[in-house]
Amino acid sequence: MNPIRVLQWGLGAMGSGMAKLTLDKPGLKIVAAVDGRPDYTGKDLGEVLGVGKQLGVKVTNRPEDVLNKHEVDIVIIATTSWLKDQIADLRKILNAGINCISIAEEMSDAEAQNPELARELDSLAKKNGVTILGTGVNPGFVLDLLVVALTGGSHNVERIEASRVNDLSPYGTTVMNSQGVGTTPEAFRAGIADGSIVGHVGFPESIRMISDALGLGVDRIEQTREPIISKVRRETPYVAVEPGMVAGCSHIGVGYRGSQEVIRLIHPQQIHPNLENQETGDYINIYGKPEIHMSIKPEIAGGIATEGIAVNMIPLVVAATPGLKRMIDLPVPAALMGESAYSRRN
Ligand code: NAD
């Protein structure tokens, strides 16, 4: 079996984890690495990852030097949440004739919020004979693909309600700021109004994937974001929250068909939920025939699962027909534990 040759683009929290996981998989080989950080440029990837050995791959900030389709089968890009910020890089990858997996939240269903860019990516990928996929733990898995898969035996689905209750404590400053953690309730509301606090990125994408996969005909999506106000002191290495301040954001996305609610996704994210006896978990409730209730406690670990799903999708993306794909368009993801996992049929 010839290993699939991988270029890792973005070596932050997620990208470096994906690179380490790729190193562990005999069916995959890291052949190039790109990151814009000046302190990484020119260093051996092994040094940047801290794996205690040289890998013979120099990190570059010049992607054009390594985007060679004769040497790279697929790029995994982990740089930003926003498609508009990633589109220039995605164009370079597709125009080089190389497959791509992005974990940008907006790429999980690019058409949901960026229909023109989605059409452009689809035609660029088809023109160059390659596949591009958006994925991640959420959006990309827990609150969309898993929901869709659970309806696989259903005769009828009237309404879906799913929630992911998670702990933000392991994350850094960017996440704290985008969720409004450590602000006052007034500053939180001002941040929502001016767009500096966004909560979760991905509800329009997840709702659209579920609706499209089942044919639920959602024609309107509404979102609400409320501060989770702490009753106790909570602290992480990056933020301290006094009682009365904001410990997180409770974000809800609802999909309607006409006036009828058909999909409700609930995602309260906060630091140290345990300090107020809040258990974490993933919960999916499907109302119809049959009624289905799934609960996973604690929640599927976000960072581990994002790294895992991006890497596990590599063989499926390389084997897929050309074009822009969503997780609902490809075979189900599976851990890459042995040779047969690398040759599944599409
Ligand atoms: P991070 O900030 O730790 O890392 C980003 C890295 O990309 C940095 O090293 C930065 O130098 C590099 N970078 C940024 N723009 C670049 C460019 N144009 N060219 C080269 N390098 C560039 O972020 P992270 O925690 O690794 O997450 C990456 C993105 O993935 C975030 O936007 C995050 O929200 C998203 N994400 C999505 C999911 C999902 O479920 N879909 C899950 C986790 C993270």
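See the structure above.
A quick note: this is a predicted structure, and the numbers were derived from the prediction, not measured.

Criteria and thresholds
- All residue numbers refer to position in the chain's written sequence, counted from 1.
- With the structure being a predicted model, the display of local features is reserved for residues of pLDDT at least 70 and the display and counting of side-chain atom pairs for 80 or more, all residues being used for whole-chain, interface and lining totals.
- Calculation of side-chain values draws on the structure's entire complement of heavy atoms; hydrogens and water are dropped beforehand.
- We call a set of buried residues a nonpolar core when its members are Ala, Val, Leu, Ile, Met, Phe, Trp, Tyr or Cys and they connect through side-chain atoms within 4.5 Å of each other.
- Residue exposure (1.4 Å probe, protein chains only): buried if accessible area is under 20% of the type maximum, exposed if over 50%, otherwise partly exposed.
- The criterion used for residue contact is that any of the two residues' heavy atoms lie within 4.5 Å.
- Any residue with at least one heavy atom within 4 Å of a molecule or strand is counted as near it.
- For the purposes of these results, a polar contact is taken to be a pair of N or O atoms within 3.5 Å, where, inside protein, one atom must be able to donate a hydrogen and its partner to accept one; residues adjacent in sequence count only when each atom of the pair is a side-chain atom.
- In this description, accessible areas are obtained by the Shrake-Rupley approach with a 1.4 Å probe, and a residue is regarded as covered only by the protein chains that are shown.
- The numbering of helices and of strands both runs from the N terminus, where a helix is a DSSP run of H or I of at least 4 residues and a strand a run of E of at least 2.
- Amino acid classes used here: Ala, Val, Leu, Ile, Met, Phe, Trp, Tyr, Cys and Pro are nonpolar; Asp, Glu, Lys and Arg are charged; the rest, including Gly, are polar.
- Pairing between two strands requires that DSSP report at least two bridges joining them.
- Between N-to-C directions, angles cover 0 to 180 degrees, with each direction set by a line fitted to C-alpha atoms, over the stretch in contact for helices.
- The term salt bridge refers to a side-chain nitrogen of Lys or Arg lying within 4 Å of a carboxyl oxygen of Asp or Glu.
- Only Phe, Tyr and Trp rings take part, Trp by its six-membered ring, and two of them pair if their centres are within 6.5 Å. Stacked means planes under 30 degrees apart, edge-to-face means over 60, and tilted covers everything else.
- In this scheme, Lys NZ or Arg CZ marks a charge over a ring once it lies within 6 Å of the ring centre and within 35 degrees of the ring normal.
- The labels follow the angle: roughly parallel below 35 degrees, roughly antiparallel above 145, roughly perpendicular from 65 to 115, and oblique for the rest.

By size, the foremost hydrophobic cluster in this structure holds 46 residues, and its most contacted members are Leu-28, Ile-210, Leu-265, Met-313 and Ile-314. Contacts of Ile-210, omitting those with residues within four sequence positions, involve Leu-143, Asp-144, Val-147, Val-148, Ile-160, Leu-216, Ile-263 and Leu-265. Grouped together as the second largest cluster of nonpolar side chains are 28 residues, Val-72, Ala-96, Leu-124 and Val-130 included.

Further remarks concern the site of the ligand. Taken together, 23 residues are adjacent to the ligand, and Met-14, Asp-35, Ser-81, Glu-105 and Asn-138 come closest. A distance of 2.9 Å is found between an oxygen atom of the ligand and a backbone nitrogen or oxygen belonging to Ala-13. One nitrogen or oxygen atom from the main chain of Ile-103 is found 3.2 Å from a nitrogen atom belonging to the ligand. Starting from 870 Å² of accessible surface for the ligand in isolation, the protein chains cover 70%. The biggest single contributor to the shell around the ligand is helix H1 (residues 13–23), with three residues. Classifying every residue of the shell around the ligand by side-chain character gives eight nonpolar, eleven polar and four charged.

Turning our eyes to something else, we now look at the sheet that holds strand E2 (residues 28–34). Ordered in space as E3-E2-E1-E4-E5-E6-E15, the seven strands form an open sheet in which the pairing is parallel. Among the strands making up the open sheet, the edge pair consists of strand E3 (59–60) and strand E15 (323–325). Across six bridges, the pairing between strand E1 (residues 4–9) and E2 is parallel. Across the sheet, residue Arg-5 finds its bridge partner in E2, namely Lys-29. The sheet contacts of helix H4 (residues 115–128) involve strand E6 (131–134) and E15, and relative to E15 the element is tilted by about 125°.

This brings us to the pattern of salt bridges. Enumeration over the complete set of coordinates arrives at 22 salt bridges. For the salt bridge of Glu-161 with Arg-159, the shortest nitrogen-to-oxygen distance reads 3.5 Å. Glu-161 sits in the partly exposed class, given a relative accessible area of 25%. Residues Glu-276 and Lys-231 are paired through a salt bridge, measuring 3.9 Å at the closest nitrogen-oxygen approach. Taken as a pair, Glu-276 in the loop between strand E12 (260–270) and strand E13 (281–289) and Lys-231 in the loop between strand E8 (220–229) and strand E9 (234–235) lie far apart in primary sequence, 45 residues in all. Each member of the salt-bridge network shares a partner with another, and the members are Asp-109, Glu-111, Arg-208, Asp-212, Arg-326 and Asp-329.

Moving on, we get to the packing of aromatic side chains. A complete count under the given rule lists zero aromatic pairs for this structure. Its guanidinium or amino end placed over the ring of Tyr-256, Arg-220 lies 4.2 Å from that ring's centre, counting from NZ or CZ.

With that out of the way, let us pick up the side chain of Thr-280. Along the chain, Thr-280 turns up in the loop between E12 and E13. Among the polar contacts made by the side chain of Thr-280, one reaches the side chain of Glu-299 at a distance of 2.7 Å. Sequence-distant contacts of Thr-280, defined by excluding residues within four places in its chain, comprise Val-165, Asn-166, Asp-167, Pro-273, Lys-297, Pro-298 and Glu-299.

A separate point is the packing of helix H3 (residues 83–95) against H4. Two quantities define a packed helix pair, namely the angle between the helix axes and the distance between the axes. Relative orientation of the contacting elements H3 and H4 amounts to 10°, with a least axis distance of 10 Å. With respect to H4, the element H3 is oriented roughly parallel. Where H3 abuts H4, its residues Leu-83, Lys-84, Ile-87, Leu-90, Arg-91, Leu-94 and Asn-95 lie against Leu-117, Glu-120, Leu-121, Leu-124, Ala-125 and Asn-128. Looking at the contact of H3 with H4 residue by residue, the class counts come to eight nonpolar, two polar and three charged.

By themselves, these are just geometric observations and shouldn't be taken as functional.
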